[in-house]
Amino acid sequence: AIYRPQPRRAAGMARENPVTKVIGPGTTQASSTLYERIGGEPKLVSIVTGVYDGMKADKEIGKFFARFRLEKLTERTIDYLRGEWGGDPYKG
C-alpha cells in the first residue's frame, strides 16, 4: 500500500484525515489510526515477530536474546504497540 499525505488546506477549513491509504488503482480508503493503516492485527504480529526473529537469528546480538522467552516478549510488545497505534488498549 502507498501512503500519501493530504494537501494542506486554508486556515479554518477542517480536514477529515491527514493520511489516505491507496487500496488499488483509482481507489482510496481513509484510515484513522496507524494500527488500521499498517493492516491491523495480522500485520502488527508479522512486524513484531519479524523483528524479534531477526534479532534472535543475528550472530552478534542473538546470543543476548537466547536467555529470553521471546514468545512472551513478542506478546507483550504486540499488546503495547496495538494500544499505542490505535487498536485495543494496552493491558500491561
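Our subject is the structure listed above.
Reading the values: rules and limits
Residues numbered from 1 in each chain as written. Predicted model: local features only at pLDDT ≥ 70, side-chain atom pairs only at ≥ 80, totals over all residues. Heavy atoms only, no water. Helix = DSSP H or I, 4+ residues; strand = E, 2+ residues; numbered from the N terminus. Buried < 20%, exposed > 50% of the residue type's maximum accessible area, 1.4 Å probe, protein only. Contact = heavy atoms within 4.5 Å. Salt bridge = Lys/Arg side-chain N within 4 Å of Asp/Glu carboxyl O.

Participant: Help me get a handle on the overall build of the protein, residues and values and all.
Facilitator: Within the protein one finds four helices and three strands. Each helix and strand of the protein, ordered N terminal to C terminal, gives the series β-β-β-α-α-α-α. When each of the 92 residues of the protein is scored for burial, the buried share is 26%. Within the protein, residue pairs in contact and separated by at least 24 positions form 28% of the contacts whose partners lie at least 6 positions apart.

Participant: Can you break down the pattern of salt bridges residue by residue, with the values?
Facilitator: Inspection of the entire model under this criterion finds three salt bridges. When the shortest N-O distance is used, the salt bridge between E41 and R82 registers 2.8 Å. Residue E41 is located in helix 2 (residues 40-57), and its partner R82 is located in helix 4 (residues 70-84); the two are separated by 41 residues in the primary sequence. Classification of E41 as partly exposed rests on a relative accessible area of 27%.

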